[in-house]
Amino acid sequence: NAGVTQTPKFQVLKTGQSMTLQCAQDMNHNSMYWYRQDPGMGLRLIYYSASEGTTDKGEVPNGYNVSRLNKREFSLRLESAAPSQTSVYFCASRLRELDVNYGYTFGSGTRLTVV
Amino acid sequence: GNSVTQMEGPVTLSEEAFLTINCTYTATGYPSLFWYVQYPGEGLQLLLKATKADDKGSNKGFEATYRKETTSFHLEKGSVQVSDSAVYFCAPRGQAGTALIFGKGTTLSVSS
């Protein structure tokens, strides 16, 4: 059981380049999330998808777009990367957004550096 | 909106010492409360949870009690091990339809 799989694990981009971070889960979860983790800032929510076909902005959505491709996959796109987007990105999923008693399952992260 | 405050680290302890990591939150209603742990180079893992007032969550020797009166969910362990060295995150559940809110994390370093 793979859980939440993120690709790639590491990436270096030049300023202005674009790329898509991939996330897939095999637990039949309905809700998926993208967070970024920065030193001293903890985890901040970028976007989330409560269910297939819906997406919503989180705390720091500027500079990002997302696609909920199907129930399994939720991708994060940087259209024009900036050094401020250097971070570790985590994807997470949960069975249902309204299940208040359930926590998240996290992927192992993508470490992105923008030079 | 909901928010969470964790004690700042790093917390440095010797093996077998007692651990407390403070966490307080502000929330509408009575959210479920979670502690997550992040080991070096890995993603976050759910450590324990409590879903209603006075509940005690426990796992791997760690405990936290949901204190409604003080809006707190402090993490404790009676005897830490080197393998407990990690970053710990407190996370209250937001209102239905919103995502988890994470504290900034507390780094724990345990030496033998």
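Summarised in this report is the structure supplied together with it. (Residues numbered from 1 in each chain as written. Chains lettered and ligands numbered in written order. Predicted model: local features only at pLDDT ≥ 70, side-chain atom pairs only at ≥ 80, totals over all residues. Heavy atoms only, no water.)

### A short note on the overall build of chain B
- Looking only at helices and strands, one finds zero helices and eleven strands in chain B.
- Listing every helix and strand of chain B by position from the N terminus yields β-β-β-β-β-β-β-β-β-β-β.
- The C-alpha radius of gyration of chain B comes to 13 Å, within 12% of the 13 Å expected for a compact globule of 112 residues.
- On the principal axes, the C-alpha backbone points of chain B span a range of 40 × 30 × 20 Å.
- Long-range contacts, defined here as pairs at least 24 residues apart, represent 55% of the contacts in chain B between residues at least 6 apart.
- By element, 47% of the accessible surface of chain B is carried by carbon and sulfur atoms, the whole surface being about 5200 Å². (Helix = DSSP H or I, 4+ residues; strand = E, 2+ residues; numbered from the N terminus. Rg over C-alpha atoms; globule rule 2.2 N^0.38 Å. Contact = heavy atoms within 4.5 Å. Areas by Shrake-Rupley, 256 points an atom, 1.4 Å probe, with all protein chains shown as cover.)

### Brief notes about the sheet that holds strand β3 (residues 19–25) of chain A
Residues and elements named next belong to chain A.
- Across the sheet, which stays open at both edges, the four strands sit in the order β1-β3-β8-β7 with antiparallel pairing between neighbours. Strand pairing shows two members of the sheet lacking a second neighbour, β1 (4–7) and β7 (64–68), which therefore form its edges. When the angles between neighbouring strand axes are averaged without regard to direction, this sheet yields 15°.
- Pairing between β1 and β3: four bridges, direction antiparallel. Paired with Gln6 across the strands is Cys23, a residue of β3. (Pairing = 2+ DSSP bridges. Axes fitted to C-alpha atoms, helices over the stretch in contact; angles between N-to-C directions.)

### Focus on the sheet that holds strand β3 (residues 19–21) of chain B
Residue and element names in this part refer to chain B.
- Read across the open sheet, the four strands follow the order β3-β9-β8-β7; overall the sheet is antiparallel. Looking at the sheet topology across the chains shown, the edges are occupied by β3 and β7 (56–59). The average angle at which neighbouring strand axes cross in this sheet is 20°, direction not considered.
- As defined by bridge partners, strand β8 (residues 62–65) adjoins strand β9 (residues 75–77) across three bridges and the pair is classed as antiparallel.

### A look at the nonpolar core
- Residues B:Leu19, B:Trp35, B:Leu47, B:Leu48, B:Phe73, B:Leu75 and B:Tyr88 are the most contacted members of the largest nonpolar core, which totals 25 residues.
- The set of elements that each furnish at least two residues to this core consists of β2 (11–14), β3, β4 (23–26), β5 (33–38), β6 (44–50), β8, β10 (86–92) and β11 (106–111) of chain B.
- Residues in contact with B:Phe73, not counting those within four places in the same chain, are B:Cys23, B:Leu33, B:Phe34, B:Trp35, B:Leu48, B:Lys49, B:Ala50, B:Ala64, B:Thr65 and B:Tyr66.
- A:Val4, A:Leu21, A:Tyr47 and A:Val60 belong to the second-largest nonpolar core, a separate cluster that totals 20 residues. (Core = buried A, V, L, I, M, F, W, Y, C linked by side-chain atoms within 4.5 Å. Buried < 20%, exposed > 50% of the residue type's maximum accessible area, 1.4 Å probe, protein only.)

### Here we look at unusual backbone geometry
- The peptide bond linking A:Thr7 to A:Pro8 adopts the cis configuration, its omega dihedral lying at -10°.
- Residue position: A:Pro8 is located in the loop between β1 and β2 (10–13).
- A cis amide bond, omega 0°, links B:Gly9 with the succeeding residue B:Pro10.
- By the element assignment, B:Pro10 lies in the loop between β1 (3–6) and β2.
- A positive phi angle, near 60°, is found at A:Asn28, a position not held by glycine.
- Position of A:Asn28 among the secondary structure elements: in the loop between β3 and β4 (31–38).

### A closer look at the interface of chain A and chain B
- Listed by partner, the interface residues are 22 residues for chain A and 20 residues for chain B.
- Taken together, the connections running from chain A to chain B amount to zero salt bridges.
- There are four residue pairs in polar contact (both at pLDDT 80 or more) connecting chain A and chain B.
- When contributions to the side of chain A that touches chain B are tallied by element, the ones reaching two or more residues are β4, β5 (42–49) and β9 (87–94) of chain A.
- Per-element accounting of the side of chain A that touches chain B gives the leading share, four residues, to β5(A).
- The class makeup of the residues in the side of chain A that touches chain B is twelve nonpolar, seven polar and three charged. (Salt bridge = Lys/Arg side-chain N within 4 Å of Asp/Glu carboxyl O. Polar contact = N/O pair within 3.5 Å; in protein donor to acceptor, adjacent residues only side chain to side chain. Nonpolar A, V, L, I, M, F, W, Y, C, P; charged D, E, K, R; others polar.)

### A closer look at the packing of aromatic side chains
- Applying the stated criterion across every chain, the model contains 16 aromatic pairs over all chains.
- When the centroid spacing of 6.4 Å and the interplanar angle of 85° are considered together, the rings of A:Phe90 and A:Phe106 count as edge-to-face. Linking A:Phe90 in strand β9 with A:Phe106 in strand β10 (residues 105–106), this pair joins segments that are 16 residues apart in sequence. Neither A:Phe90 nor A:Phe106 differs from the other in exposure class; each is buried.
- Both rings, one in B:Phe62 and one in B:Tyr88, keep their centres 5.5 Å apart while their planes meet at 40°; by these two values the pair is tilted. Residue B:Phe62 is found in strand β8, and its partner B:Tyr88 is found in strand β10; the two are separated by 26 residues along the sequence.
- Each residue in the set A:Tyr33, A:Tyr35, A:Tyr48, A:Phe90, A:Tyr104, A:Phe106, B:Phe34, B:Tyr36, B:Phe89 and B:Phe102 is aromatic and connected to the rest through ring pairs, giving one cluster. (Phe/Tyr/Trp six-rings, centres within 6.5 Å; stacked < 30°, edge-to-face > 60°.)

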